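Descriptive structure summary
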Amino acid sequence: QVQLVESGGGLVQAGDSLRLSCAASGGTASLYAMGWFRQTPGKEREIVVAMNWSGGNTYYAGSVKGRFTISRDSAKNTVYLQMNSLRPEDTAVYFCAAQIFGSRRTYFAANEYQYWGQGTQVTVSS
């Protein structure tokens, strides 16, 4: 059992920045990967970025590459998402996720994550 607590969402203007935080607790000894996903009404949940915990390998969605950056504090089992140059199309509910059973082929796939945070709303106005 892993618990995820998210924070940092809000309402900003296009071009602004936000930093999301996600702290994991509970059964984190076997944590394989953590990531950020987002979802808007009527659309599938999509990857934003994922990080393999042991190796630090990352996978970024093409739409955010160069603008968003994932980072971590391993001692605190906390992952961050720094979002710069935000655009209205970035508006979504952002979810933090943790993967216990994973691999190099699955750490970027939403349906392979076992634990999810409650989600935090990010709204970018034009």
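What counts as what
- Residues numbered from 1 in each chain as written.
- Predicted model: local features only at pLDDT ≥ 70, side-chain atom pairs only at ≥ 80, totals over all residues.
- Heavy atoms only, no water.
- Helix = DSSP H or I, 4+ residues; strand = E, 2+ residues; numbered from the N terminus.
- Rg over C-alpha atoms; globule rule 2.2 N^0.38 Å.
- Buried < 20%, exposed > 50% of the residue type's maximum accessible area, 1.4 Å probe, protein only.
- Pairing = 2+ DSSP bridges.
- Axes fitted to C-alpha atoms, helices over the stretch in contact; angles between N-to-C directions.
- Disulfide = S-S within 2.5 Å.
- Salt bridge = Lys/Arg side-chain N within 4 Å of Asp/Glu carboxyl O.

Looking only at helices and strands, the chain has 0 helices and 11 strands in total. Sequence-ordered secondary structure for the chain, helices as α and strands as β, is β-β-β-β-β-β-β-β-β-β-β. Computed over its C-alpha atoms, the radius of gyration of the chain comes to 14 Å, within 12% of the 14 Å expected for a compact globule of 126 residues. Counting only C-alpha atoms and orienting by the principal axes, one finds that the chain spans roughly 40 × 25 × 25 Å. Relative to its full complement of 126 residues, the chain shows a buried share of 44%.

A few words on the sheet that holds strand 1 (residues 2–7). On the basis of which strands lie adjacent, the open sheet formed by 4 strands has the order 1-3-8-7 and antiparallel pairing. Edge positions in the sheet fall to strand 1 and strand 7 (68–73), since each has one partner strand and no second. Averaged over neighbouring strand pairs, the angle between their axes works out to 20° when direction is ignored. Pairing analysis gives 6 bridges linking strand 7 to strand 8 (residues 78–83), with the strands arranged antiparallel. The residue bridging aspartate 73 from the neighbouring strand is threonine 78, located in strand 8.

In terms of residue burial, strand 5 (residues 46–52) counts as a mostly covered element, since 6 of its 7 residues are buried. Relative to strand 5, strand 4 (residues 33–39) runs antiparallel, the two sharing 6 bridges. The residue bridging arginine 38 from the neighbouring strand is glutamate 46, located in strand 5. Pairing geometry for strand 5 and strand 6 (residues 58–60), over 3 bridges, is antiparallel. By the bridge assignment, valine 49 is partnered in strand 6 with tyrosine 60.

Time to look at the state of the cysteines. Counted according to the given criterion, the structure contains 1 disulfide. The disulfide that involves cysteine 22 links it to cysteine 96, with 2.0 Å between the sulfurs. Across the disulfide from cysteine 22 to cysteine 96, rotation about the S-S bond amounts to roughly -80°, and the bridge is consequently left-handed. Residue cysteine 22 is located in strand 3 (residues 18–26), and its partner cysteine 96 is located in strand 9 (residues 92–99); the two are separated by 74 residues in the primary sequence.

Take the pattern of salt bridges next. If you walk through the whole model with that rule in mind, you get 3 salt bridges. In this structure, the salt-bridge partner of arginine 38 is aspartate 90, at a minimum N-O distance of 3.1 Å. You can see arginine 38 sitting in strand 4 and its partner aspartate 90 sitting in the loop between strand 8 and strand 9, a full 52 residues away along the chain. Accessibility classification places arginine 38 together with aspartate 90 in one group, the buried group. Residues arginine 67 and aspartate 90 are paired through a salt bridge, measuring 2.8 Å at the closest nitrogen-oxygen approach. Taken together, the positions of arginine 67 in the loop between strand 6 and strand 7 and aspartate 90 in the loop between strand 8 and strand 9 put the pair 23 residues apart, joining distant regions of the chain. For the pair arginine 67 and aspartate 90, one class covers both residues: buried.

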